[in-house]
Amino acid sequence: QMALTIAETGTYTLLVQDYRGDSTGEYDIYYVNIPGANEHGKIGSSDLMPEAIDLGDIDTYTFSAAIGDTFEIQVSDSSTNGTLIPYIEVYGPQGDLVSSVYGHNTAYIENTASKDGIYTLVITDYSGSECGEYWLSYYNDADPIDYCHNNFDDDRDIDGEDLLHFTLDYDTIHIYDIRGVDNFAASFGKMDCEESE
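Residues numbered from 1 in each chain as written. Predicted model: local features only at pLDDT ≥ 70, side-chain atom pairs only at ≥ 80, totals over all residues. Heavy atoms only, no water.

(A) Broad picture of the overall build of the protein chain. Counting its regular elements, the protein chain contains two helices and eight strands. Along the protein chain, helices and strands appear, N-terminal first, in the series β-β-β-β-β-β-β-β-α-α. Counting the 197 residues in the protein chain, one finds 33% classified as buried. Of the roughly 12600 Å² that the protein chain leaves accessible, carbon and sulfur atoms contribute 49%. (Helix = DSSP H or I, 4+ residues; strand = E, 2+ residues; numbered from the N terminus. Buried < 20%, exposed > 50% of the residue type's maximum accessible area, 1.4 Å probe, protein only. Areas by Shrake-Rupley, 256 points an atom, 1.4 Å probe, with all protein chains shown as cover.)

Take a look at the structure:
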């Protein structure tokens, strides 16, 4: 794998050969042009998506963020063999590398946007030699989940039972998958639901 920042506009030539020069075989070429690569589309706050990495694959997504937004991204290996080493790269609106991280089974990034615009998320296997399924979690604190406007237990009012359903659902889906498998953290603000109406 190689990454290049292009300094001059034009047509470039890619040469591929066997490193030793004495073997033959079939191969796939994966190419990503950043910014703006979104093979799997645009992701939104609190999205939780199942996807997969093929051998040598490069998965790409885009998401919107404004200056000061704090976004969190986690990729967790969900394949049965557990050999995928998720590698995350986040590129800014101008194509600059914002952050990168890898982890055995789980990779997690928390970052505060320094520019307005469309960010590009790139996911690969760190070693480049493994493939498998994964879960992608994305959250932006500029678009929090609103308990006050959700009737989770389908009765006629929003009350403590709804809060219980909300915390259980929020714990299971968003915090659990964003923070990790063994340990997770949650923070809750206090708000008067009647005033928020």
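(B) A look at a nonpolar patch on the surface. Nonpolar side chains collect at one region of the surface, where Met-2, Leu-4, Ile-6, Tyr-12, Leu-14, Val-16, Tyr-27, Ile-29 and Tyr-31 lie side by side and expose about 1100 Å² of accessible area between them. When you line up the elements, Met-2 lands in the segment before β1 (47–53). (Patch = residues over 30% accessible without salt bridge, like charges linked within 9 Å, V, L, I, M, F, W, Y side chains within 5 Å. Salt bridge = Lys/Arg side-chain N within 4 Å of Asp/Glu carboxyl O.)

(C) Region of interest: unusual backbone geometry. Omega for the peptide link from Ile-34 to Pro-35 comes to 10 degrees, which places this bond in the cis form. Turning to its location among the elements, Pro-35 is positioned in the segment before β1.

(D) Local environment of the side chain of Thr-60. Examined against the element boundaries, Thr-60 turns out to sit in strand β2 (residues 59–65). With residues up to four places along the chain from it excluded, the contact list for Thr-60 reads Val-32, Ala-37, Asn-38, Glu-39, His-40, Gly-41, Leu-121 and Val-122. (Contact = heavy atoms within 4.5 Å.)

(E) Main features of the sheet that holds β2. If you trace the four strands from one edge of the open sheet to the other, you get β2-β7-β4-β5, paired in antiparallel fashion. Here the strands that pair on one side only, and so sit at the sheet edges, are β2 and β5 (97–102). Between one strand axis and the next, the sheet turns by 20 degrees as a mean value, whatever way the strands run. As paired elements, strand β4 (residues 86–91) and β5 share five bridges and run antiparallel to each other. If you follow Val-90 over to β5, its bridge partner there is Ser-99. (Pairing = 2+ DSSP bridges. Axes fitted to C-alpha atoms, helices over the stretch in contact; angles between N-to-C directions.)

(F) Layout of a negative patch on the surface. A cluster of acidic residues, Asp-154, Asp-155, Asp-157 and Glu-161, forms a negative patch at the surface. For Glu-161, the position within the fold is in helix α1 (residues 160–179). A residue is classified by how much of its surface remains accessible, and Glu-161, at 44% relative accessible area, is partly exposed. (Lys, Arg positive; Asp, Glu negative; His and termini not counted. Charge placed at Lys NZ, Arg CZ, Asp CG, Glu CD.)

(G) Focus on the pairing of strand β6 (residues 106–112). Only one face of β6 is buried: it carries Ala-107, Ile-109 and Asn-111, and the other face, with Thr-106, Tyr-108, Glu-110 and Thr-112, is open. Where strand β3 (residues 70–77) meets β6, seven bridges bridge the pair, whose relative direction is antiparallel. Bridge pairing in β6 places Glu-72 opposite Glu-110.

(H) Here's a closer look at the environment of Ile-118. Mapped onto the elements of the fold, Ile-118 is located in strand β7 (residues 117–125). Residue class for Ile-118 comes out partly exposed when judged on its relative accessible area of 38%. Remark: the alpha-carbon pair of Ile-118 and Phe-63, spanning 55 residues in sequence, is separated by 5.7 Å. Ignoring anything within four residues of it in the chain, the contact list for Ile-118 reads Lys-42, Thr-62, Phe-63, Ser-64, Gly-92 and Pro-93.

(I) Molecular detail of the confidence of the model for the protein chain. Averaged over all residues, the pLDDT of the protein chain is 80; the fraction at 70 or higher stands at 76%. Within the model, pLDDT remains below 50 along residues 171–186, and this stretch shows 31 contacts once partners closer than five positions in the same chain are excluded. (pLDDT = per-residue confidence, 0-100.)

(J) Fine view of the pattern of salt bridges. Counted by the stated rule, this structure contains two salt bridges. Two residues, Asp-22 and Arg-20, come together in a salt bridge whose shortest N-O distance is 3.5 Å. Accessibility assignment for this pair places Asp-22 and Arg-20 in one class, exposed. We note a salt bridge from Lys-115 to Asp-96, for which the minimum N-O separation is 3.6 Å.

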